[in-house]
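What the coordinates show
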Amino acid sequence: MNNPVTTIALALALSGAAMSVQADAINVPAPDFTLESRTGDNIRLEDHRGEVVMLNFWASWCGPCRQEMPLMDDIYSRYQDLGFTILAVNVDENRDEALRFLEKVPVDYPILYDPESSVSKLYEVPAMPTTVMIDRDGNARYIHYGYKPGYEVEYEAQIRELVRE
């Protein structure tokens, strides 16, 4: 059985939309997962059903992540009271590298650890960062590969759209 995200990624690549800022064609169930958070709790995506989730895959060695994460923190503080959250999945094999990164780039949103890249593989993440916007019903609606200045404007537009649904 095909992974729905695989189908999305292939469709976007074939359409030439994979590197665009917006990917309107996505509307498939987001694969569920459970990962340990920086607080030590296990966080399950399914437990956030009813919220808009910005699922962001990042690494300590990722330069664009260093730019993007403080902007995401601003977005998180603005929209979290409207039923929005960010789940930031770190893919470093060594958690200490992520912790050192977070000392320099502190954020308030939940950080999850995927040292074996199992969730990254589940979502077939091709680049760092990769961001998937998930609606209140648990459907992946938008996907972004990489980060360039200005993407945060598109993120906010998508979040506003999804929290209104």
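The rules behind the values
- Residues numbered from 1 in each chain as written.
- Predicted model: local features only at pLDDT ≥ 70, side-chain atom pairs only at ≥ 80, totals over all residues.
- Heavy atoms only, no water.
- Helix = DSSP H or I, 4+ residues; strand = E, 2+ residues; numbered from the N terminus.
- Buried < 20%, exposed > 50% of the residue type's maximum accessible area, 1.4 Å probe, protein only.
- Lys, Arg positive; Asp, Glu negative; His and termini not counted.
- Salt bridge = Lys/Arg side-chain N within 4 Å of Asp/Glu carboxyl O.
- Polar contact = N/O pair within 3.5 Å; in protein donor to acceptor, adjacent residues only side chain to side chain.
- Disulfide = S-S within 2.5 Å.
- Pairing = 2+ DSSP bridges.
- Contact = heavy atoms within 4.5 Å.
- Axes fitted to C-alpha atoms, helices over the stretch in contact; angles between N-to-C directions.

Some words on the side chain of Asp-92
As for its placement among the helices and strands, Asp-92 is situated in the loop between β5 (84–90) and α3 (95–104). Of the side chains bearing the opposite charge, Arg-100 lies closest to the buried Asp-92, which forms no salt bridge; the N-O distance is 8.4 Å. A polar contact of 3.0 Å, which involves the side chain of Asp-92, links it to the backbone nitrogen of Ser-60. Side chain to side chain, Asp-92 and Asn-90 meet in a polar contact 2.9 Å long.

Remarks on the state of the cysteines
Counted according to the given criterion, the structure contains 1 disulfide. The disulfide partner of Cys-62 is Cys-65, and the gap between their sulfur atoms is 2.3 Å. Looking down the S-S bond of the Cys-62 and Cys-65 bridge, the torsion is 85°, so its handedness is right-handed. Cys-65 carries the same exposure label as Cys-62, and that label is buried.

Points about the sheet that holds strand β3 (residues 42–44)
Strand order in the open sheet formed by 8 strands is β1-β8-β7-β4-β5-β6-β2-β3, with mixed pairing between adjacent strands. The open sheet has two edge strands, β1 (28–29) and β3, and neither has a second partner. For β5 and strand β6 (residues 111–113), the ladder comprises 3 bridges, and the chain directions are parallel. Paired with Ala-88 across the bridge in β6 is Ile-111. In the packing of helix α2 (residues 63–79) onto the sheet, the strands contacted are β4 (52–58), β5, β6 and β7 (130–134), and the crossing angle to β5 comes to about 155°. Each of β2 (34–37), β4, β5 and β6 is contacted by α3, which is oriented at about 165° to β6, the strand it contacts most.

What to know about the pattern of salt bridges
Tallied over the entire structure, the rule returns 8 salt bridges. Linking Arg-95 and Glu-36 is a salt bridge whose minimum nitrogen-to-oxygen distance equals 3.4 Å. With Arg-95 in helix α3 and Glu-36 in strand β2, this pair connects stretches of sequence that are 59 residues apart. Taking the relative accessible area as the measure of exposure, Glu-36 reaches 31% and is therefore partly exposed. One salt bridge connects Glu-156 with Arg-78, and the closest N-O pair in it is separated by 2.8 Å. Placement of Glu-156 in helix α5 (residues 151–164) and of Arg-78 in helix α2 is noted, with a sequence separation of 78 residues between them. Relative accessible area serves as the criterion here: at 15%, Glu-156 is assigned to the buried category. Through salt bridges with shared partners, one network takes in Asp-135, Arg-141, Glu-161 and Glu-165.

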